[in-house]
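Structural characterization, general
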Amino acid sequence: MTKVLIATDKPFAAEAVNGIRNVIENAGFELVLLEKYTEKKQLLDAVANADAAIIRSDIFDKEVLDAAKSMKIVVRAGAGYDNVDLDAATANNICVMNTPGQNANAVAELALGMAVYAVRNFYNGTSGTELFGKKLGIHAYGNVGRNVARIAKGFGMEVYAFDPFLSAEAIEKEGVKAVASAEELYSTCQFVSLHIPATAETKNSINYALLSKMPKKALLINTARKEVINEAEIVKLMEERTDFKYVTDIMPANHAEMAEKFAGRYFSTPKKMGAQTAEANTNAGIAAANQIVDFIKNGNERFRVNKK
Ligand code: 3PG
């Protein structure tokens, strides 16, 4: 029988697992669950006889993919697939997919929630500021960026976006101001929300030169990836600019240093929370299950992200 593994270090909500189980069992497949594993060996053992896998930020590197002898498809229930070695998957004849958009609203709500938290001085009882009337820059206007724009307009913010893969017309038809470069976005907006993926081009790209362009009382909100931030340079910048705040949903490698040096201006969630809602888990998990069934039964490769 076709075995579908859910391998999630950070588990889905129970109702999402039930929904996935329904889809998988109705297709006549078997569901196997590996949650909160503590050692890589558990993952290596679990993938060994699975035909398909649903994962989140779980690391599917060459060692894991090489061990997955009967694996045909891995679906990352979510947007970013920087945790999967795409070349190793292709070499092992494994199709890799993501589920774009399915968890986007959850991440966007958290981005704005973290913005409120920061401008209200982390709810410490002192007088903060409001989002109304302020300029928000959305760095990368994909599924999450679009949802951030929609919610930010509700707050009465002036919304700008930069996306190197979209035309100004495509952005502006949604009532958002398009700018021509990242430099222009950062020099225009007091608030910037990051929605870029972690790629060879974007890693370390949010650096001193870019952040120092931001206006007074700047706030950077990161619900994207920690790897896109140049950690040494954000420390240098925040040492120089005591008006600069940074909130992140992805704990940086230098978290202890940041928390100590920038108390009152820096916050990180203990574990990435952006997509951690029952709705997002259900949407992304069930989409992943349906994509697996459609791939195995009908060969549908829509949402494939690796080469054949
Ligand atoms: C994504 O890329 O979809 C988000 O970062 C959510 O990741 P998670 O499923 O690991 O929480």
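All values reported here derive from a predicted model rather than from experimental measurement.

**Concerning the overall build of the protein chain**
Check the secondary structure of the protein chain and you find 12 helices and 12 strands. For 308 residues, the compact-globule formula gives about 19 Å, and the C-alpha radius of gyration of the protein chain, at 20 Å, lands near that figure. Overall, the C-alpha framework of the protein chain stretches about 60 × 45 × 35 Å when taken along its three principal axes. Residues counted as buried form 50% of the 308 residues belonging to the protein chain. Where the 37 positive side-chain charges of the protein chain centre and where its 37 negative ones centre are 2 Å apart.

**Topic: the environment of R241**
Counting through the fold element by element, R241 comes out in the loop between α10 (231-240) and β11 (245-248). The spacing of R241 and S212 is 29 residues in sequence and 8.5 Å in space, taken between C-alpha atoms. For R241, the contacting residues outside a window of four places in its chain are L211, S212, M214, P215, K216, K217, A218 and R265.

**Considering α10**
Along an α-helix, residues three or four apart share an orientation, since each turn contains 3.6 residues. Along α10, the residues that are buried comprise E231, I234, V235, L237 and M238. Down the axis of α10, the sector holding all buried residues measures 165 degrees, keeping them to one side. Looking at the buried side of α10, the elements it contacts are α9 (208-211), β10 (219-222), β11, α11 (255-261) and β12 (266-268).

**A short note on the site of the ligand**
As a matter of local geometry, the ligand sits amid K10, R56, S57, R76, G78, A79, G80, N103, R225, K272 and A275. Take N103: an N or O atom from its side chain is 2.9 Å from an oxygen atom of the ligand. At a separation of 2.8 Å, an oxygen atom of the ligand approaches a polar side-chain atom of R225. In isolation the ligand offers 320 Å² of accessible surface; the protein chains occlude 94% of this area. Across the shell around the ligand, the residue classes tally to 2 nonpolar, 4 polar and 5 charged.

**A closer look at the sheet that holds strand β9 (residues 191-194)**
Taken in spatial order, the 7 strands make up an open sheet running β8-β7-β6-β9-β10-β11-β12, and their pairing is parallel. Edge positions in the open sheet fall to β8 (177-178) and β12, since each of these has one partner strand only. As paired elements, β9 and β10 share 4 bridges and run parallel to each other. In the strand pairing of β10, F191 is matched with L219. Relative to the sheet, helix α5 (residues 104-119) contacts β9, β10, β11 and β12, its axis offset from that of β10 by approximately 145 degrees.

**What about the packing of α5 against helix α6 (residues 143-154)?**
In the contact formed by α5 and α6, the axes pass within 8 Å of each other and the chain directions differ by 50 degrees. When the interaxial angle is binned, α5 and α6 end up oblique. For α5 against α6, the interelement crossing comes out right-handed. The residues of α6 that touch α5, namely those facing A104, N105, V107, A108, E109, A111 and L112, are N143, V144, N147, V148, R150, I151 and A152. Its residues assigned to classes, the contact of α5 with α6 comprises 9 nonpolar, 3 polar and 2 charged.

Cut-offs and rules
- Residues numbered from 1 in each chain as written.
- Predicted model: local features only at pLDDT ≥ 70, side-chain atom pairs only at ≥ 80, totals over all residues.
- Heavy atoms only, no water.
- Helix = DSSP H or I, 4+ residues; strand = E, 2+ residues; numbered from the N terminus.
- Rg over C-alpha atoms; globule rule 2.2 N^0.38 Å.
- Buried < 20%, exposed > 50% of the residue type's maximum accessible area, 1.4 Å probe, protein only.
- Lys, Arg positive; Asp, Glu negative; His and termini not counted.
- Charge placed at Lys NZ, Arg CZ, Asp CG, Glu CD.
- Contact = heavy atoms within 4.5 Å.
- Arc of directions from axis to C-beta.
- Near = heavy atom within 4 Å.
- Polar contact = N/O pair within 3.5 Å; in protein donor to acceptor, adjacent residues only side chain to side chain.
- Areas by Shrake-Rupley, 256 points an atom, 1.4 Å probe, with all protein chains shown as cover.
- Nonpolar A, V, L, I, M, F, W, Y, C, P; charged D, E, K, R; others polar.
- Pairing = 2+ DSSP bridges.
- Axes fitted to C-alpha atoms, helices over the stretch in contact; angles between N-to-C directions.
- Parallel < 35°, antiparallel > 145°, perpendicular 65-115°, else oblique.
- Left-handed = near helix turned anticlockwise from the far one by under 90°.

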